[in-house]
Amino acid sequence: MTILVIGSVNADLTVQAARIPAPGETVLGGDAHVSPGGKGANQAVAAALAGAQVKLCGAVGAASDPFRSPALSGLTRAGVDLSLLHTLDAPTGLALITVAAGGENAITVASGANARFGPQQLPADWHGLTHLLLQQELTPAVTLDAARRAHAAGLRVVLNAAPSRSTDAGLLAHTHHLIVNEHELEALVGQSVEPSALELAAQSLLKRGPQAVTVTLGAQGSLTVTAEATYRLAAHRVQVVDTTGAGDTFCGVLAARLAEGDALPAALHWAGLAAGLACTRPGAQDAMPTWAEVVAAQPLR
Ligand code: RIB
């Protein structure tokens, strides 16, 4: 079982501050810290840590680019196969992140090479791959083309519709498992959704293609609907330090555990647990728990 992640690779430039600046405001923070990030790379690392064989297809800048090496460090450490990584004549993606005292963040992404990655850079051969894990940090044309080709090749397509951007209707038709947060859910259904209507809204998306829709709810856990069942999982209670990459941890671990043959409720349990643990340390990939830490935190009952 091999998961292919087609997605963004960034270096994260993070500053801890008392609060996230309001428009026009300057806030003094701590020292800046560079660490590996990007939703695609984060999810690839999370999936690899959870026991899956993972390949990443994406793009970074040239060897002389100062952010290339930090952007790739976590992927290399986690053993992600980078044979489908492209080097483009563009800067490596850079995310400017402010983390507030309560662990919340604000992120601005300078996409660089991620935005220059085109459909021509997608793999020609899908042989030996079982799952495709996608986000929305590459261009919409690339994401749609990747989902379409993977679906046609018989892969199961897991889409994390983050960050929220206009999603082509065809994309959901090629998605087997959709993962969204509440804002992304609202963007996809085209209206605001009260907490009491979350299940109905998620179910409405099943009609557009996916066989399962998961809504991540932060401290409230997650809600997943399929045609047959609804699963509500509570969040793992933790002392939150930094939520950066927690959603990516959830997506990567969920895809990995499904690929490894876990039933959906078990895969959701592990994904939620790993995401909670990822909030207890600073950074995205740097904060992700090892599989041993996840299993030790709360064995499946
Ligand atoms: O989801 C968190 C990620 O979003 C960060 O690592 C940053 O690089 C942005 O892509």
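As shown above, the structure is provided for reference.
What you see is a predicted model; the values in this text were computed from it and never measured.

Colleague: How do you make sense of the sheet that holds strand S7 (residues 105–110) when you look at a structure like this?
Modeller: Paired through their backbone hydrogen bonds, the strands of a sheet run either parallel or antiparallel. Ordered in space as S3-S2-S6-S7, the four strands form an open sheet in which the pairing is mixed. Each end of this open sheet is capped by a strand with a single partner; those strands are strand S3 (33–37) and S7. Sheet twist, expressed as the average angle between the axes of neighbouring strands with direction ignored, equals 25°. As paired elements, strand S6 (residues 93–99) and S7 share six bridges and run antiparallel to each other. Looking across to S7, one finds that Ala95 is bridged to Val109. Packing against the sheet, helix H2 (residues 68–78) makes contact with strand S2 (10–16) and S3, and its axis sits at approximately 50° to S3.

Colleague: Can you walk me through the packing of helix H8 (residues 246–259) against helix H9 (residues 264–278) in this structure?
Modeller: When two helices pack together, their arrangement is captured by the angle between the axes and the distance separating the axes. Two elements in contact, H8 and H9, have axes whose closest approach is 8 Å; the angle formed by their N-to-C orientations is 150°. Relative to H9, the element H8 lies roughly antiparallel. Along this stretch, H8 crosses H9, giving a crossing that reads as right-handed. Two secondary-structure elements touch here, H8 through Ala246, Thr249, Phe250, Val253, Leu254, Arg257 and Leu258 and H9 through Leu264, Ala267, Leu268, Trp270, Ala271, Gly272, Ala274, Ala275 and Ala278.

Colleague: Looking at this model, I keep getting lost on the sheet that holds strand S4 (residues 53–60). Mind explaining?
Modeller: Spatial strand order, S5-S4-S1-S8-S9-S10-S11-S12-S13: nine strands in an open sheet with mixed pairing. Only two strands of the sheet have a single partner each, and these edge strands are strand S5 (81–87) and strand S13 (230–233). The average angle at which neighbouring strand axes cross in this sheet is 15°, direction not considered. Bridging between strand S10 (residues 177–181) and strand S11 (residues 212–216) involves five bridges; their strand directions are parallel. Paired with Ile179 across the bridge in S11 is Thr214. Contacts from H2 reach S4 and S5, with the element oriented near 160° to S5.

Colleague: So what exactly am I meant to see when it comes to H9 here?
Modeller: In an α-helix, one full turn covers 3.6 residues, which means residues spaced three or four apart are oriented alike. Taking 1.5 Å per residue as the helical rise, H9 with its 15 residues ought to reach 21 Å, and the 21 Å between its terminal C-alpha atoms agrees with that figure. With respect to burial, H9 is a largely interior element, 13 of its 15 residues being buried.

Colleague: Got a minute to help me understand the site of the ligand in this structure?
Modeller: Around the ligand lies a shell formed by Asn10, Asp12, Gly37, Gly38, Lys39, Asn42, Ala95, Ile107, Glu137, Gly245, Asp248 and Ala284. Take Gly38: an N or O atom from its main chain is 2.9 Å from an oxygen atom of the ligand. Here Glu137 contributes a side-chain N or O atom positioned 2.7 Å from an oxygen atom of the ligand. Within the complex, the protein chains bury 96% of what would otherwise be the 280 Å² of accessible surface of the ligand. When residues of the shell around the ligand are traced back to their parent elements, those giving at least two are S2 and helix H1 (39–49).

Colleague: Which parts of the structure should I look at to understand the pattern of salt bridges?
Modeller: It is possible for side chains bearing opposite charge to pair when their charged atoms get close. Using the criterion set out here, one finds seven salt bridges in the structure. Glu25 is the salt-bridge partner of Arg19, the closest N and O atoms lying 2.2 Å from each other. Each of the salt bridges in this network shares a partner with another, and the network as a whole consists of Asp145, Arg148 and Arg149.

Colleague: How should the packing of aromatic side chains be read in this particular structure?
Modeller: Aromatic ring pairs: the centre-centre distance and the angle between the two ring planes describe each pair. In total, this model carries one aromatic pair according to the counting rule given. Ring geometry for Trp270 versus Trp291: centroids 5.1 Å apart, planes at 65°, classification edge-to-face. On the criterion of sequence distance, the pair formed by Trp270 in helix H9 and Trp291 in helix H10 (residues 291–297) is long-range, its members being 21 residues apart. By relative accessible area, Trp270 is classed as buried at 9%.

Colleague: Please clarify how the nonpolar core should be interpreted in this entry.
Modeller: Buried together is how nonpolar side chains tend to be arranged in soluble globular proteins. Ile3, Val9, Val54, Leu56 and Leu75 are the most contacted members of the largest nonpolar core, which has 42 residues in total. Of all the secondary structure elements, the ones that give two or more residues to this core are strand S1 (2–6), H1, S4, H2, H8 and H9. Looking at which element gives the most residues to this core, the answer is H9, with nine residues. Core analysis: the second largest hydrophobic core is formed by 40 residues, Leu4, Ala90, Leu155 and Leu188 among them.

Definitions and limits used
- Residues numbered from 1 in each chain as written.
- Predicted model: local features only at pLDDT ≥ 70, side-chain atom pairs only at ≥ 80, totals over all residues.
- Heavy atoms only, no water.
- Pairing = 2+ DSSP bridges.
- Helix = DSSP H or I, 4+ residues; strand = E, 2+ residues; numbered from the N terminus.
- Axes fitted to C-alpha atoms, helices over the stretch in contact; angles between N-to-C directions.
- Contact = heavy atoms within 4.5 Å.
- Parallel < 35°, antiparallel > 145°, perpendicular 65-115°, else oblique.
- Left-handed = near helix turned anticlockwise from the far one by under 90°.
- Expected span 1.5 Å × (residues − 1).
- Buried < 20%, exposed > 50% of the residue type's maximum accessible area, 1.4 Å probe, protein only.
- Near = heavy atom within 4 Å.
- Polar contact = N/O pair within 3.5 Å; in protein donor to acceptor, adjacent residues only side chain to side chain.
- Areas by Shrake-Rupley, 256 points an atom, 1.4 Å probe, with all protein chains shown as cover.
- Salt bridge = Lys/Arg side-chain N within 4 Å of Asp/Glu carboxyl O.
- Phe/Tyr/Trp six-rings, centres within 6.5 Å; stacked < 30°, edge-to-face > 60°.
- Core = buried A, V, L, I, M, F, W, Y, C linked by side-chain atoms within 4.5 Å.

In short, geometric facts, not functional conclusions.
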